Amino acid sequence: MVGRGGHRGRPGRGGPGRRGGGRVPTDLPGISDLEGWLAGRLPDGWFTGTPTVTVDREEILVVGELPAPTLDEGADEAARAAAAHGRIERFREDTRDERIEVARQAEHRYGRKVAWGARVGDVEELFTTLSVPVMTRLRQPERLVLDTLVDAGVARSRSDALAWAVALVGEHASTWLDDLRGAMSAVDDLRTRGPVLDEDEGTSDQDTPDQAGGDGVPPQG
């Protein structure tokens, strides 16, 4: 499953003639065949099903489900969580060289870095993920919100506070964000297809004089 990150900005925020600074550059390679390429390229034994793939302008994140370790029936939650973390760590070590090669090929093909993650039940770990700086301009009321989070110990810095706020929005507005991404995908599809002229354009729905009912104008002469 390929997901798209929330990478678009509002129109008019990037200066005259530009959309918001979050628009994906048009010179990036397309990702329409990414899911199929990964299905053919990833080894069959890596994941128990189709991995989740999320893409933005900088990064392709691939997260797959691993088989759960076998434990005694009496194992508590702490033991199960420790076993899940151990299974993920083993996967990370055993597949490192091949993941590097897959990432190299994908970066050449799709123009983005590749990050990885693995999941066992409710336990998920991401590794080799990018941390990308995002430049923005904030007015004083917005800066005060970030400073409040820093002063309260919620975040260590304004940048950490901003990341925390974005994560909070993503957690509590996921349905709205999914709907927004779907709407933007529909707009992108329409823009790619371009205008389609009706085949009957220019043909009047009204009858011509010869086809109209009633008496026509009698011939002269």
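Nothing here was measured: the structure is a model prediction, and the numbers come from that model. (Residues numbered from 1 in each chain as written. Predicted model: local features only at pLDDT ≥ 70, side-chain atom pairs only at ≥ 80, totals over all residues. Heavy atoms only, no water.)

Draft legend 1. Geometry of the overall build of the chain. On a plain count of helices and strands, the chain comes out with six helices and five strands. Ordered by position in the sequence, the α and β elements of the chain form the string β-α-β-β-α-α-β-β-α-α-α. A burial count over the chain gives 23% of its 221 residues as buried. For the chain, long-range pairs separated by at least 24 residues make up 58% of all intrachain contacts whose partners lie at least 6 apart in sequence. Here the chain has roughly 16200 Å² of accessible surface; of this, 51% comes from carbon and sulfur atoms. (Helix = DSSP H or I, 4+ residues; strand = E, 2+ residues; numbered from the N terminus. Buried < 20%, exposed > 50% of the residue type's maximum accessible area, 1.4 Å probe, protein only. Contact = heavy atoms within 4.5 Å. Areas by Shrake-Rupley, 256 points an atom, 1.4 Å probe, with all protein chains shown as cover.)

Draft legend 2. Fine view of the packing of helix α1 (residues 34-41) against helix α3 (residues 96-110). Contact geometry for α1 and α3: axes closest at 12 Å, N-to-C directions at 150°. The angle between α1 and α3 falls in the class roughly antiparallel. Viewed along their axes, α1 and α3 form a crossing whose handedness is right-handed. Residues L34, W37 and R41 of α1 lie in contact with α3, whose contacting residues are E98, E101, V102, Q105, A106, R109 and Y110. (Axes fitted to C-alpha atoms, helices over the stretch in contact; angles between N-to-C directions. Parallel < 35°, antiparallel > 145°, perpendicular 65-115°, else oblique. Left-handed = near helix turned anticlockwise from the far one by under 90°.)

Draft legend 3. Here's a closer look at the packing of aromatic side chains. Here the structure, examined in full by the defined rule, presents five aromatic pairs. Summarising the aromatic geometry, the rings of W46 and W116 are spaced 5.8 Å apart at their centres and angled 80° between planes, so their arrangement reads as edge-to-face. Here W116 lies in strand β4 (residues 113-120) and W46 lies in the loop between α1 and β2 (52-55), a separation of 70 residues in the sequence. Residue W46 shares its accessibility class with W116, and that shared class is buried. Look at F47 and F91: their rings are 5.4 Å apart centre to centre, the planes differ by 45°, and that puts the pair in the tilted class. (Phe/Tyr/Trp six-rings, centres within 6.5 Å; stacked < 30°, edge-to-face > 60°.)

Draft legend 4. Summary view of the pairing of β4. With seven of eight residues buried, β4 is to be regarded as a mostly interior element. Pairing between strand β3 (residues 59-65) and β4: seven bridges, direction parallel. By the bridge assignment for β4, I60 is matched with V114. Note that β4 and strand β5 (residues 123-127) share five bridges and pair antiparallel. Of the residues in β5, the one forming a bridge with G117 is L126. Where β4 folds back on β5, the antiparallel hairpin that results is connected by two residues, among which G121 adopts a positive phi of roughly 60°. (Pairing = 2+ DSSP bridges.)

Draft legend 5. How the structure looks around the packing of helix α4 (residues 140-151) against helix α5 (residues 158-172). Close contact between α4 and α5 brings their axes to 9 Å; oriented N to C, the two are set at 100°. In terms of orientation, α4 lies roughly perpendicular with respect to α5. Two secondary-structure elements touch here, α4 through R143, L146, D147, L149 and V150 and α5 through R158, A161, L162 and W164. Its residues assigned to classes, the contact of α4 with α5 shows six nonpolar, no polar and three charged. (Nonpolar A, V, L, I, M, F, W, Y, C, P; charged D, E, K, R; others polar.)

So far we have only geometry, and geometry alone does not tell us how the molecule works.
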